[in-house]
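Topology and contacts: notes
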Amino acid sequence: MSHGMLVPLEYHTPGLDDFKFPGTFGVSWMDKSFWQIIIATVLVIGLWLWLSHAMKVVPGKRQVFAEYCYDFVRNTLVRDIIGPGFRKWLPYLLAVFSFVLVNNWFGEFFIFMFPTFSHVGYVYGLALVSWVVYIVAGIRAKGPLKFFKNSILPPDVPWPLWILIIPLEFLSNFITRPVTLALRLFVNMFAGHLIIMIFLVGGGYLLTYSGSPLYNVTGGISILFSFALFGLELFVGFLQAYVFTVLSAQYVATSISSEH
Amino acid sequence: MAAPLTVLLVNLGPLLPEHPIEIILGIVLVLVITWACSKFIVPRFENMYHERSEAIQGGIERAEKAQAEAKAALQQYREQLAGARDEAAQIREDAKTQGAQIVEEMRATAQAEADRITARATAQIRAQRDLAVGELRGEIGGLATSLAGRIVGESLADDARVEATVDRFLAELATQPARSTRVGDKA
């Protein structure tokens, strides 16, 4: 058997420590995720600039692809949700979608192999921007007083229920929304990465375990299965980018719509 | 690094940012991308879409215009054709009436000419007959006198008698006008 030729992998349980990386240039926060998010920013801007340069009325191959991507965000995620006047919010939502998507796919991308948004700080930042955006949108559409009044008190609520409705609506609109927006994205990325690590680290350990061939087979299956999980994570990365953008657009839509 | 927060709340575990500056980074970077999108990327796409819809709309408008023009031209030709038909019918009608008029005029003219010729011929014949009658009257008088003188053998010196005889003779002649007219017609 080949056991003797392989040095068995040492096992350590994947955990929080696997999400921590040393800083570079002596700055602790300039770690792996920092460089990833910088690269992602450059990549997103560069890709879009390349996709959108020298656009023609009659498109070529590159432009057809560019239009397909752009129209997906523009029509499906923004126009269909916000409706008329969507153009104003399109740049932010396009930026959010591409930024989140690229950073999520870094988790499956061979150089990085780490989803940037499994670091919660960046996600808080993004959710905060979305939160500010929809509050600003509401204030600009209705004025501050009317917007806040509409946000904490839906129309046609009988007055005895106000004591119940007002705190609930306040919580839901100004606290829960940004928190859930952030946590949903972060936890999906965090858990996805953790699961892949468990399958790979555990699988590798079992595959090289010298003692029982059954363990080796199990480890092999586990590693094979991790490829399927990679596929799943690619989908989850896309889905979370989609959901984050849709919800951001949805919040803008509700705050600028007249009846809410 | 996040000690004050952990004092206030329960231990957040991975929900506590490892480096709080990541929050700032996330905000700044997404705003940078938003700026790039609003400055370059979205306007490029939207302008191109606008141009495209303009081009398509322009093409449709041009086609519609051409169709309208063709329709107008067809209508015009049809009107012209109908006008030409009417005109032709009118001309034919006119020609018919004009032809009839001309024929009528010609007939009238011919009739008048014929009448005129007939009248002149009648007058000429009458004049010739009168002339012939006059001549005959003179000659017949002389001839009859000399013939009678020769037959009778006597000198008809007595003018009164001669004249009476001649007159009687002429009167006899005059009682036969039909015969003399017939002689004139034949002449």
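Residues numbered from 1 in each chain as written. Chains lettered and ligands numbered in written order. Predicted model: local features only at pLDDT ≥ 70, side-chain atom pairs only at ≥ 80, totals over all residues.

**Structural notes on the overall build of chain A**
- When helices and strands are tallied, chain A shows seven helices and zero strands.
- The helix and strand sequence of chain A, counted from the amino end, reads α-α-α-α-α-α-α.
- Relative to its 260 residues, chain A shows a buried fraction of 37%. (Helix = DSSP H or I, 4+ residues; strand = E, 2+ residues; numbered from the N terminus. Buried ≥ 20, exposed ≤ 12 C-beta atoms within 10 Å, placed from the backbone.)

**Some remarks on the overall build of chain B**
- Scanning chain B from terminus to terminus reveals four helices and zero strands.
- Reading chain B from its N terminus to its C terminus gives the helix and strand order α-α-α-α.
- Put simply, chain B has 187 residues, and 9% of those count as buried.

**Observations regarding the packing of helix 3 (residues 90-105) of chain A against helix 7 (residues 213-256) of chain A**
Residue and element names in this part refer to chain A.
- Where helix 3 contacts helix 7, the two axes come as close as 8 Å, and the packing angle between them is 160°. Compared by their axis directions, helix 3 and helix 7 come out roughly antiparallel. When you trace helix 3 past helix 7, the crossing you get is right-handed. Along the contact surface, helix 3 presents Leu93, Val96, Phe97, Val100, Leu101, Asn104 and Trp105, while helix 7 presents Leu234, Gly237, Phe238, Gln240, Ala241, Phe244, Thr245, Ser248 and Ala249.
- Split by residue class, the contact of helix 3 with helix 7 holds eleven nonpolar, five polar and no charged. (Axes fitted to C-alpha atoms, helices over the stretch in contact; angles between N-to-C directions. Parallel < 35°, antiparallel > 145°, perpendicular 65-115°, else oblique. Left-handed = near helix turned anticlockwise from the far one by under 90°. Contact = placed C-beta atoms within 7 Å. Nonpolar A, V, L, I, M, F, W, Y, C, P; charged D, E, K, R; others polar.)

**Description of the interface of chain A and chain B**
- On the chain B side, the residues contacting the 33 residues of chain A number 31 residues.
- Only helix 1 (32-52), helix 3 and helix 4 (120-142) of chain A provide two or more residues apiece to the side of chain A that touches chain B.
- Ranked by the residues each element gives to the side of chain A that touches chain B, the list is headed by helix 4 of chain A, at nine residues.

**What about the nonpolar core?**
- Grouped together as the largest cluster of nonpolar side chains are 64 residues, with contacts concentrated most on Val78, Leu93, Val96, Val123 and Val252 of chain A.
- Looking at this core, the elements with two or more residues in it are helix 1, helix 2 (61-82), helix 3, helix 4, helix 6 (162-207) and helix 7 of chain A together with helix 2 (21-152) of chain B.
- The element that contributes the greatest number of residues to this core is helix 4 of chain A, accounting for twelve residues. (Core = buried A, V, L, I, M, F, W, Y, C linked by C-beta atoms within 7 Å.)

**With respect to the environment of valine 236 of chain A**
Residues and elements named next belong to chain A.
- Within the fold, valine 236 resides in helix 7.
- Residue valine 236 is classed as partly exposed on the basis of its 19 C-beta neighbours within 10 Å.
- It is 9.7 Å that separates the C-alpha atoms of valine 236 and leucine 185, two residues lying 51 residues apart in sequence.
- What valine 236 contacts, discounting residues up to four positions off in sequence, is Asn188 and Gly192.

**So, the confidence of the model for chain A**
Residue and element names in this part refer to chain A.
- Per-residue confidence for chain A averages 82 on the pLDDT scale, and 95% of its residues sit at or above 70.
- Looking over chain A, one finds the lowest element-wise mean pLDDT in helix 5 (residues 144-152), namely 79, and the highest in helix 3, namely 89.
- Long-range and interchain partners of residues 1-5, a stretch whose pLDDT sits below 50, account for one contact in this model, where long-range means more than four residues apart. (pLDDT = per-residue confidence, 0-100.)

**So, the environment of histidine 193 of chain A**
Residues and elements named next belong to chain A.
- Topologically, histidine 193 is positioned in helix 6.
- C-beta crowding within 10 Å serves as the criterion here: with 21 such atoms nearby, histidine 193 is assigned to the buried category.
- The sequence separation of histidine 193 and glycine 107 amounts to 86 residues, and the corresponding C-alpha distance is 7.0 Å.
- Beyond its immediate sequence surroundings of up to four residues, histidine 193 is in contact with Gly107, Phe114, Pro115 and Ser118.

**A few points about the confidence of the model for chain B**
Residues and elements named next belong to chain B.
- When the pLDDT values of chain B are averaged, the result is 81; 83% of them are 70 or greater.
- Summarising per-element confidence for chain B, the mean pLDDT is lowest in helix 4 (residues 177-186) (49) and highest in helix 2 (88).
- Here residues 180-187 is modelled with pLDDT under 50, and outside its nearest four sequence neighbours on either side it reaches five contacts, counting other chains as well.
- With pTM at 0.67, the complex prediction returns an ipTM value of 0.83.

**Brief notes about the packing of helix 2 of chain A against helix 7 of chain A**
Residues and elements named next belong to chain A.
- The interhelical angle for the contact between helix 2 and helix 7, taken along N-to-C directions, is 15°, at an axis separation of 9 Å. Relative to helix 7, the element helix 2 is oriented roughly parallel. For the pair helix 2 and helix 7, the crossing hand works out as right-handed. For the pair helix 2 and helix 7, the contacting residues are Leu77, Val78, Ile81 and Ile82 in the first and Thr245, Val246, Ala249, Gln250, Val252 and Ala253 in the second.
- Per-class residue counts for the contact of helix 2 with helix 7 are eight nonpolar, two polar and no charged.

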